[in-house]
Amino acid sequence: MTEEDIKPRTAVDDAILQQQYRRALSSFEGIILSEIELTNRLSTRLNYGIQAGTFILAAISISLSLLLFTLTSQVSRISSVVEGMKVHFISVSEQMNAISGHMNAIESRMALLEAVDQRTALMDVEMSNILTDMNDMRTNVTGIDDYLATVRTHISNVSFNMDLMNNEVQIMSIELGRMAKPMRNMNKMFPFP
């Protein structure tokens, strides 16, 4: 190198270098601020997703508790129907004993046919009551099957939504890792103290 190649720095060159340095620093600051804003937006979106998931889980727990309450009331209703059937069967057995006594009385006294007819009519009423109770019990069991199918549908919907949320969170983590890569490279070039 000759003396002509080496030029002393002038104040103008220093000012230009200073101005370029300030522009680079403000550009870097803008990039950092935009990254922080993007991270804040993503965290806000994640918080909304978590709140929505919490609301959905609360709604599911409320619906499950209502379903359990309905099932317990149905079970108590079924047990009361079974108790009623037991009472009716006891009544029927008593009626059958009375009928056998009446049959013996018929053999001895044919004049008591009207009493036997009345007892038979009472037994018919009791049997129709038993049939009505059996139909009610069938209806209740069908309702329980419908409730269980609804719960199954809700649980499959929740599982599907949780899978979607999991995929979104994974995509967000990949995006955050990709967005943080330039910052890591920048940190390698200009490490922060």
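Shown above is the structure to which this text applies.
Per chain, residue numbering runs from 1 following the sequence as it is written. Given that this is a predicted model, residues contribute local features only at a pLDDT of at least 70 and side-chain atom pairs are listed and counted only at 80 or more, while totals for whole chains, interfaces and linings are drawn from all residues. Calculation of side-chain values draws on the structure's entire complement of heavy atoms; hydrogens and water are dropped beforehand.

Asker: Just give me the short version of empty space enclosed by the protein, but keep the residues and values in it.
Answerer: Grid points spaced at 1 Å over the protein atoms alone were grouped into cavities, where a 1.4 Å probe fits but cannot get out, and pockets, open sets with protein on both sides within 12 Å along at least five of seven lines, with lining residues defined by an atom within 4 Å of a point. Grid points are joined across faces, edges and corners, and a volume is the space filled by probe spheres set on the points. Counted by the stated rule, this structure contains one cavity of 30 Å³ or more. By volume, the largest cavity is sized at about 40 Å³. Taken together, Gly53, Ile56, Leu57, Val158, Asn161, Met162 and Met165 make up the lining of the largest cavity. For the lining of the largest cavity, the elements supplying multiple residues, two or more each, are α1 (11–108) and α2 (113–189). Under the DSSP-based scheme used, a helix requires at least four consecutive residues in state H or I and a strand at least two consecutive residues in state E, with every element numbered from the N terminus. A per-element tally of the lining of the largest cavity places α2 first, with four residues. Residues of the lining of the largest cavity, tallied by class, amount to five nonpolar, two polar and no charged. Only Asp, Glu, Lys and Arg are considered charged, only Ala, Val, Leu, Ile, Met, Phe, Trp, Tyr, Cys and Pro nonpolar, and every remaining residue, Gly among them, polar.

Asker: So what about the layout of surface pockets? Which residues, and what values?
Answerer: The probe, sized like a water molecule, is rolled over the atoms to show the empty space still left. Approximately 180 Å³ is the volume attributed to the second largest pocket. As for the second largest pocket, its lining consists of Leu42, Arg45, Leu46, Gly49, Ile50, Met165, Glu168, Val169 and Met172. Taken together, the elements giving at least two residues each to the lining of the second largest pocket come down to α1 and α2. The element best represented in the lining of the second largest pocket is α1, accounting for five residues. Of the residues contributing to the lining of the second largest pocket, the split by class is six nonpolar, one polar and two charged.

Asker: Lay out the side chain of glutamate 126 with the relevant residues and their values.
Answerer: Relative to the assigned elements, glutamate 126 resides in helix α2. For the buried glutamate 126, no salt bridge exists, and the shortest N-O distance to an oppositely charged side chain is 9.8 Å, to arginine 119. Two residues qualify as a contact provided that any one of their heavy atoms is within 4.5 Å of a heavy atom in the partner residue. With near-sequence residues (within four places) excluded, glutamate 126 lies in contact with His88 and Ser91. Note on classification: 1.4 Å probe, protein chains only; a residue is buried when its accessible area is under 20% of the maximum for its type, exposed when over 50%, partly exposed between these limits. His is not counted, nor are the chain ends, whereas Lys and Arg count as positive and Asp and Glu as negative. We define a salt bridge as a contact between a side-chain nitrogen of Lys or Arg and a carboxyl oxygen of Asp or Glu at a distance within 4 Å.

Interpretation note: all reported values are geometric properties and have no functional meaning in isolation.
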